[in-house]
Structures are given as C-alpha cells and as structure tokens.
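Structural characterization, general
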Amino acid sequence: MKNNGFRIGLTIAFILLSGWFLYPTVQDYFYNKKLREFTSPEDSLAFVKENRKSIEAAQEKRLKLGLDLQGGMHVVLEVDVLELLELKARNRDMVFDSIIAATRAAAEASNEKIPVLIAQEFKKRGIRLSRYFYDLRDSDDEVIEKLNREVEDAVNRAKEIIRNRVDQFGVAEPTILIKGGRRIIVELPGVSDKERVRKLLKGTAKLEFKLVRDPEIAIKALSEANKYLARLNRQNDTTLAKDSVAMAKADSLAALPDSLKSQEQLKKENPLFAVTDTDDGIIIDPRSGALFVTETAKPKVLALLNRSDVRERIPGDLEFLPDARPFQNEAGENVYRLYPVKREAELEGGVIVDARATFSIDGSRPEVTMKMNDAGTRTWARVTGANIDKQIAIVLDGVVFSAPVVKSKIPNGSSVINGLASAEEARDLEIVLKAGALPAPVRIVEERTVGASLGEDSIRAGLYSVIAGFFVVALFMILYYRAAGFIADFALVFNVLFVIAFLAGFSATLTLPGIAGLVLTIGMAVDANVLIFERVREESAKGKLLKLAIEIGYDKAFSAILDSHVTTFGAAALLYAFGIGPIQGFAVTLMIGIAASLFTAVVITKISFDWMLERNKVSAVSFG
C-alpha cells in the first residue's frame, strides 16, 4: 500500500466530491418527503417559508430529470416568416397577395426555405423580386440572399426571446433548439399549466401606441367599403348577371333612400353592417358613432376589412382593430368594440425598458405599468402633448387593450395597460414585454405532453433496469472470477456513484436514454476488469508469482482498455456534437461513465488487490 498513496488520495477525493455533488439531491428528497407528510396547507406553507433558501438551493443543485422522467411539455413552434417578409415588402397589391398565398400553400408541403419558394412563385409569373423587395436594381439572387439573412436573423431572435420568456417563467432545465430553417423545439420539464405556457410561447407581444380616428372618418370609410361590397354582390349574382335589365333595376333600388327599402333589401345592400340585432355585421352606436361587432360577426367582419380589394376602398392610414375584452349584450352574446385607428403607430414597444404587473389604485383591476427609455419618453411626451382630449389606443398583437383619453402631456414616459382578466395574465404580459416582441408570429405545429405519472413509471422502469443489469453482471463476475469478481463488483458500485454524482455536479440532465447509457457503462466497466483478470490468469499459468502476475496483468491490459475507452468516448462525443435532446443525454451519461469506469476498473481494483496481497488474502484461485 506504500506505493498507492496517490491512488488512495485520488479515490478519497473523488468520493468526497461525489458526496458534495449528491448532497443537494438527497437534501431535496428529504424536503419533499417532509412536505408530503404535512396534512394541512398551512403547515406546508410555514415549512416552506422557514426553509425557503435551503429548499431553493437544493432544487437548483439537485440532479435534474429530463422531460421523459419528470413529465412536461414538448412543443414545436414554427416562425411565420412569410408574414415577416410581407411586412418587408413595399407597394403590396393583389398580385403580391396571390403570390404570398401560393407560397404559403407550397410551404405546407415543403421544407424548402421560404425565400426560395417565394422566388419560385415570382419566376412562374415572370415578376422580378425587386419590384416588391429592397432596391429596384437588385437581382433576384441578391434579393433572395437578403431575404434569407432576414429569415435567419428572425428565427434566431425568436429563439432567444422564447428562451428569455421561459427563463422568466421559471422553468428549470428547458431545452430550446432551432430545427430546420423556421422551427423551434421547446422542451419544458415539470410544466403543469399547459394553456398558460402555450400563450406565453405564442404571444408575439408587438406593442404599439396608435391614435384613434374620429368616428365620422371611420363611418365614411366603412360606407364606401360597404357600397363596394354590395355592388360586388350584385355583380356576382348569377341571376342578375344574365339579365342587364334586372341589374339596372337593382342599381336603381340601391340608390333609393334606406327608409323606402324593405328589410331584406337593406340586408342585401349592407353586407358590412348589421341591419337587425341578429345580423353578422358592424353595429353603429347612433349617439357616439362607436363601432361594435358580436363575437359571431367578428371573424367575418375582420376578414372583409382585411381583403386587399376592400383595403383599397379605405384610406391607407386607417385600420380597424377589435377590443381585447368583450361585454355582453341583452341576448348574452359577447360584443367587441371596433376601434378605427391610424395604421402607422405613434410609438412601438421597443422603447419599453421596464414593465411591472400590479393592480389599479382601487386594487380591483390587474394592470401592467410600463416605463420607456429616453427616446420613447420624448416621443411619448410629444404625442400626448399634441393629442390632448383624443384617444390613444394601446395595441398588443393587433388587439386594443385600452384606449385612454389624453388629459394632459405625459413627460415621464410612463403608461399603463389595463383591461386584463387576471393577475396571472398581467404577470405573463410583464414577462413578454420584458423579454421583447417576437420578430414574427409563431404557431404551434406539434405538441406532446408527458404526464407526471408516466414519468414516474419511466423512473421506476429505469431503476429496475439498472438494478437488474448490475445484479446480472455482478453475479456473473462472482461466479466466474470468485474473489476477483467480487472486487470488480465493489468497484462497480463506485462507478455508478461517480456517474450519478458528476451528472448532478455538472448540472446535466438525467433522461431515459441517459439511464440506458448508465446500464451500458456498467457492462463496459467490468469488461476492463475481464481483460485484466484474463491477463493475470495467463501470467499465473506461466508460473509467475501472483503479485508479479497481477502487476503484469494491469500493465499489459491497460493499452487495450485505454484504446477501447478512448474509441467509445470519441463516438459518444460525436453523438453529443451532432445529436439533439435525448441523444445528447445518452452521450453525456456515456462519456462520464467511460471516464468513471476507467478509473474504477484500473485504480480502485488495483488498490484492493494490493491491500489483499499485503494481508495474504488473495491467491491464484481468487481469479477463478
């Protein structure tokens, strides 16, 4: 044992380090066990308050479990880069809209990059991309290159913004990866409130401050659009289209005052407005000129107002946005106010430097207060100063959350979003405003949920597989190599201990494939000892003393053991570099296991044999 001082010291150091790494995991286990023993929520709350710091520290440093072991959500998001490119285009018209529609359909069945698909549609129509994008002198290739850069930048920014939101939401060990050109994979272990997370991930958080236009301007614009739609309906009427006399008669009827028309005629003449309470159209308050739509009518009305041919009949600087919160009419149906707002925003959410979820002064309504940067403060002061007694709509993701009347100039850059349904929604809004707006909308294209009970089943099955693998290997080694096999099994215990401890110490996540890597490591660890023991047997058979045979066995087998471990380690490193999610979990466990097995098979077993040789507790028979 005199020559083993360094080996013993190293082994003790690793054991102490493993204990240090595993202590938070053990501590977290006993905290959870204690919490389960409490019978009342008050006792649990008091215990958490008393030990909050220790509990949080243990949770942060404990061994993390992956989505497949802990339960949670797996979500695949797709960034709507087409909408982003639409916003980049200039002079949009019906031709452009038809190209975008064709590209969107092609994108559903193709993994090709969106700019390439757009270029293909432009080429089919013989139109140069520079007609709508960037400089007129740019070639198609130059435009595609610029669009590709825009898309790549948007997807990367979307990934970072989603990561910020998830981090602020408080999910431990999330996995967020970009897949392909426009998809983002998000794995959130331990998440239970799925609907809330869904909203948090999808919310674009595009915040704008827009001036509310006068009702007279809005009603005049809607009337023009209404006349156009009514005329279009008459032209599309197959009965009238075949009879020029009937068409002329219909046109003359349309010119009559409304008071002389029947209700049926009024409905035909007003495809955009509601004639009766049950019609799907815009309702005008005759006293204030305010516009309203029912929940049933809202999709139809917004679709009509967003049609490119209808947009051409509405002033370019005017658009209509619905209120975020409805009220109920006498029939119990939800009704939304429709705000006519200036299309160009006076101020955008990029100026927000801080947001805080709070309650109104009377404490009854949740709201979010915002603080602007210096540039935003100056602009906000100018905008509010120039529009006293006018409404400014606070618009989030195309929906009006509030439209306060400006009473005086606001010089301090503060503003408030109210109209929120709950404190939880206010908190989520605070998160997305702090994290920033997504550069383009995202939609969920795939969503899988792993239940906590399924995770418990996976843990149980994984634990059984590790125990069964360990037991079979240990039994074989003892039966075949006797005392030497027992020493190899003794080292195997340290191997498993080191792997789990270093996974916890390096904040790696244990997944189901990781457990598979652990089982594989157990087999590899005894494989090294098999090489050593067989070599010792050969040297003993040649008549060498057992001590010398053991020394030669370790020396001669080491090169083969090192070769196999380095080769496997290299394969695991490649899996980690090029794999994702579960494959990386398997690779990490395997790499740590290989390093641990090399140490335990060569160092710990050698210390054990030297100790036994000094005490004459080993003989040639001990190797089977």
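In case you missed it, the structure is sitting above this.
The following refers to the structure shown. (Residues numbered from 1 in each chain as written. Predicted model: local features only at pLDDT ≥ 70, side-chain atom pairs only at ≥ 80, totals over all residues. Heavy atoms only, no water.)

**Digging into helix H1 (residues 5-37)**
The line we're drawing: Numbering goes from the N terminus for both helices and strands, where a helix is a DSSP run of H or I of at least four residues and a strand is a run of E of at least two. Take the residue count of a helix, subtract one, and multiply by 1.5 Å to get its expected span. Here the bend at each residue means the angle between axes fitted to two seven-residue stretches, the one ending at that residue and the one beginning there. Relative accessibility decides the category of a residue: with a 1.4 Å probe and only protein chains considered, values under 20% of the type maximum give buried, values over 50% give exposed, and everything between is partly exposed.
The end-to-end C-alpha separation of H1 is 46 Å, in line with the 48 Å expected for 33 residues at 1.5 Å each. In the structure, H1 departs most strongly from a straight axis at Leu-22, where the bend amounts to approximately 40 degrees and where the proline Pro-24 lies between one and four residues downstream. Along H1, the residues classified as buried are Thr-11, Ser-18, Phe-21, Leu-22, Pro-24, Asp-28 and Tyr-31.

**Description of the nonpolar core**
We apply this condition: Put simply, buried Ala, Val, Leu, Ile, Met, Phe, Trp, Tyr and Cys residues joined by side-chain atoms within 4.5 Å make one nonpolar core.
Grouped together as the largest cluster of nonpolar side chains are 49 residues, with contacts concentrated most on Met-477, Phe-498, Leu-503, Ile-532, Phe-533, Ile-550 and Phe-609. For this core, the secondary-structure elements that each account for two or more residues are H1, helix H18 (452-481), helix H19 (483-505), helix H20 (512-541), helix H21 (546-578) and helix H22 (582-614). Counting residues per element, this core draws most heavily on H19, at 13 residues. Counting 42 residues, the second-largest nonpolar core is a separate cluster that includes Leu-117, Ile-118, Phe-133 and Ala-440.

**Quick look at the packing of aromatic side chains**
Convention followed: Here a Phe, Tyr or Trp ring, Trp counted by its six-membered ring, pairs with any other such ring whose centre lies within 6.5 Å, and the pair is stacked when the planes are under 30 degrees apart, edge-to-face when over 60, and tilted otherwise.
Using the criterion set out here, one finds 20 aromatic pairs in the structure. On the numbers, 4.9 Å between centres and 45 degrees between planes, the contact of Phe-96 with Tyr-132 is tilted. Taken as a pair, Phe-96 in helix H6 (residues 94-108) and Tyr-132 in the loop between helix H7 (114-124) and helix H8 (140-169) lie far apart in primary sequence, 36 residues in all. Accessibility classification places Phe-96 together with Tyr-132 in one group, the buried group. With centroids separated by 4.8 Å and ring planes inclined at 80 degrees, the aromatic side chains of Tyr-480 and Tyr-481 adopt a geometry described as edge-to-face. What makes Tyr-480 partly exposed here is its relative accessible area of 39%. The exposure class assigned to Tyr-481 is buried, which follows from its relative accessible area of 2%. Clustering of aromatic rings is evident, with ring pairs tying together Phe-14, Phe-21, Phe-490, Phe-494, Phe-498, Phe-502, Phe-506 and Phe-599.

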